[in-house]
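# Chain and residue survey
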Amino acid sequence: MSKLEIINKYLKNAKINNTQLEQICHCFAFDLTASDTAKELGLSRQTINTYYKMLREFLIEEQDNKQVNNNFYKDCFSLKYINLNGQVTYYIQYNDIPYILDETNKDLRKILDFVNLDIKDTLITHRKANTARILYHSSEDKYFLVTYLHSTNKLEKFVTTRLKKFRGLNKKNNILHIKESIIRYKHNEEFLFNSLSMIYT
């Protein structure tokens, strides 16, 4: 996507100047709340929320486009979950990289169907395990449960701790906030700010 396409897609109706946009990008990259950013920049919280949503979607789209390993789901991997306000989101841990299972990713839809059909209830209610090891059997084109185990879930702790500081999060946007948190889990503030530079320069 060219710089012009990015600007047209995300900033078509922009009502702020480039300096203000850069400041918003900086506050977003350093994970300030919308209220704190609005107060610091003298803009409305609604305006900041609008731009934060745009920046969140941009980062997620950019990261999704950079995922080059399209066959990791045909291997052996760990299945974990994040319980956010009573809503469970499953993700695959493969080579230390988390991949959210959601219906928008057609490559992962088959795994999600397998989880919902065969694993979901058992894993959530398991007293001693929080992880399932899953194996893909290529000759049968099926997934199989290898074992349940207990493992450290640093990502869940990071996500739940981070999102506690934000008030009034809509459960419908849980996936977006988790995906953003995963990006923040893997990258520092400078990386995020640099990733947004094409928007305001």
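Residues numbered from 1 in each chain as written. Predicted model: local features only at pLDDT ≥ 70, side-chain atom pairs only at ≥ 80, totals over all residues. Heavy atoms only, no water.

## Quick word on unusual backbone geometry
The backbone of N85 shows a phi angle near 55°, a positive value even though the residue is not glycine. Here N85 is to be found in the loop between β1 (76-84) and β2 (87-94). (Helix = DSSP H or I, 4+ residues; strand = E, 2+ residues; numbered from the N terminus.)

## Observations regarding the side chain of T37
Structurally, T37 can be placed in helix α3 (residues 34-41). Those residues in contact with T37 that lie beyond four places of it in its chain are C27, L32, I48 and Y52. (Contact = heavy atoms within 4.5 Å.)

## Some remarks on the pattern of salt bridges
Counted under the stated rule, the structure contains 9 salt bridges. For the salt bridge of D141 with K110, the shortest nitrogen-to-oxygen distance reads 2.7 Å. One end of the pair, D141, is in the loop between β4 (131-137) and β5 (142-149); the other, K110, is in helix α5 (residues 106-125), and 31 residues separate them in sequence. Relative accessible area serves as the criterion here: at 37%, D141 is assigned to the partly exposed category. For K110, a relative accessible area of 39% gives the class partly exposed. When the shortest N-O distance is used, the salt bridge between E180 and R184 registers 2.9 Å. Residue E180 and its partner R184 are located together in helix α7 (residues 174-186), separated by 4 residues, close to a single helical turn. (Salt bridge = Lys/Arg side-chain N within 4 Å of Asp/Glu carboxyl O. Buried < 20%, exposed > 50% of the residue type's maximum accessible area, 1.4 Å probe, protein only.)

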